[in-house]
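Chain and residue survey
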Amino acid sequence: MDLEKGPREEPGGEGRLAVALRVPVRIVVLVLVVPVRMVWDALVVAGRFLGDRMFRPVGRALLWVGRAVLVWPFVALWRWVLVPLWRWVLVPLGVALRWLGTVLVVVPAAALYRWVLTPLGHAAVWFCARVLTPLGRGLFVVPAVWLYRWVLTPVGHALLWCGRGLAWLGSLLVTGIGTALYWTVRVLVVLPVYAVWRRLLAPVGRALAVVAREVGAAFGHAWRIAGYISLAVGRALAVFFRWTLVEPARWGYRTVLTPVGHVVRDAVLRPVAEAARSVGRVTRDALRSVRVTARQVRRDVRRALGMPAGPAGIGRRERRPAGR
């Protein structure tokens, strides 16, 4: 672990400050960052496990439920209700309304425009061109031209000359006032602020920039080193749990439980199964013998009492002479 690794500074005030701050800052930041990085790695592992085992299946189930509750009903409504309604009801209704609008509104409006409004407009244009235009020229245009040429133009020239003189005087006053304000502000504000900036704020800012850069670099190095430490701790915990829990359990299962299970299976379960099967066979044979004996006794009793034998007995008596 090389805590001194980083960009080299030129010898000077800023470089000496960086070198003096680098090692203690990186040590302090490393001590602070290692627990945070380990907690972060643990949270990442837990988040991945929860995402793979819980959140993703739950999300898929919720997606399926959302489709079943929200998407599929609207799709069915669109496909089986709205589209047929639009195709078989609204479209013919729109065609009929368009035809009615054409017949009741468009055709009368076109006729009104063509046979009434157009002739009235032509008449109004002819009246304006033939009557109002010459009358307006005689009453308004000629006097207005004479007034503009002989009255307003000379007055405008005089006012323009006066305005130019006033503008020159105002510009002269503004220039003088601006120059005085410029030098006043420069002497009273700019030069003191510049001196404070150059002599105080700039060195302090450079020092703060060096400190911030070193702290940022220390956080970067500490985060990477904490990652390696967290990885090593995680592997050590995995090895510890493996050799304290997994391997003993595997050894016990393989060395103890498996042979015991085989012995129990071979010495107990199989003989018990064979005995059960034997008992079952003996029981079935005994039950079969009992049924045959009971049938024979019943037949003998019927024969002794002179009662006719059953169909099975008759069949047997009939088949026996044929066999003899």
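Criteria and thresholds
- Just so you know, the residues in each chain are numbered from 1, in the order the chain's sequence is written.
- In keeping with the predicted nature of the model, local features appear solely for residues at pLDDT of at least 70, side-chain atom pairs appear and are counted solely at 80 or more, and the whole-chain, interface and lining totals rest on all residues.
- By convention in this description, side-chain values take in all heavy atoms of the structure and omit both hydrogens and water.
- Runs of E in the DSSP output that reach at least two residues are strands. Runs of H or I that reach at least four are helices, and both are numbered from the N terminus.
- Burial classes: relative accessible area under 20% of the type maximum marks a residue as buried, over 50% as exposed, and values in between as partly exposed (1.4 Å probe, protein chains only).
- Computed with the Shrake-Rupley method and a 1.4 Å probe, the accessible areas treat only the protein chains shown as cover for residues.
- Here a pair means two rings of Phe, Tyr or Trp (six-membered ring of Trp) with centres within 6.5 Å. Their orientation is stacked below 30 degrees between planes, edge-to-face above 60, and tilted elsewhere.
- Salt bridges are identified by distance alone: a Lys or Arg side-chain nitrogen within 4 Å of an Asp or Glu carboxyl oxygen.
- pLDDT expresses how confident the predictor is about each individual residue, on a scale running from 0 to 100.
- Contact between two residues is taken to exist if any of their heavy atoms lie within 4.5 Å; hydrogens are not considered.
- Two distance rules govern patches: like charges are joined within 9 Å, and nonpolar side chains (Val, Leu, Ile, Met, Phe, Trp, Tyr) within 5 Å, applied only to residues with over 30% relative accessible area and no salt bridge.
- Under this rule, positive means Lys or Arg and negative means Asp or Glu; His and the chain ends count for nothing.
- Each charge is placed at NZ for Lys, CZ for Arg, CG for Asp and CD for Glu.

Attention now moves to the overall build of the protein chain. The number of helices and strands found in the protein chain is 2 helices and 0 strands. Relative to its 324 residues, the protein chain shows a buried fraction of 9%. Within the structure as shown, the protein chain displays about 26800 Å² of accessible surface, and the carbon and sulfur contribution to it stands at 74%.

Attention shifts here to the packing of aromatic side chains. Enumeration according to the criterion identifies 3 aromatic pairs in this entry. Between Tyr182 and Trp183 the ring centres are 5.4 Å apart and the planes differ by 75°, which places this aromatic pair in the edge-to-face class. Owing to a relative accessible area of 48%, Tyr182 belongs among the partly exposed residues under this scheme. With centroids separated by 5.7 Å and ring planes inclined at 70°, the aromatic side chains of Phe240 and Phe241 adopt a geometry described as edge-to-face.

Further remarks concern the pattern of salt bridges. On inspection of all chains with the given rule, the structure shows 8 salt bridges. Measuring nitrogen to oxygen at the nearest pair gives 3.2 Å for the salt bridge that ties Arg37 to Asp41. Residue Arg37 and its partner Asp41 are both found in helix α1 (residues 13–304); the two are separated by 4 residues, about one turn of the helix. Judged by its relative accessible area of 16%, Arg37 falls in the buried class. Between Arg277 and Glu274 there is a salt bridge, with its nearest N and O atoms 2.3 Å apart. Placement of both Arg277 and Glu274 in helix α1 is noted, with a separation of 3 residues, approximately one turn of the helix. The network of salt bridges with common partners includes Arg242, Glu247 and Arg250.

For the protein chain, the average pLDDT comes to 81, and 88% of its residues sit at 70 or higher. Note that pLDDT drops below 50 for residues 1–13; the model gives that stretch 17 contacts with residues more than four away or on any other chain. Predicted confidence for residues 312–324 stays below pLDDT 50, and this span has 5 contacts to residues more than four positions away or in other chains.

Before going further, it helps to spend a moment on a positive patch on the surface. On the surface, Arg291, Arg295, Arg298 and Arg302 cluster together into a patch of positive charge. Relative to the assigned elements, Arg298 resides in helix α1. When its relative accessible area of 46% is taken as the criterion, Arg298 is described as partly exposed.

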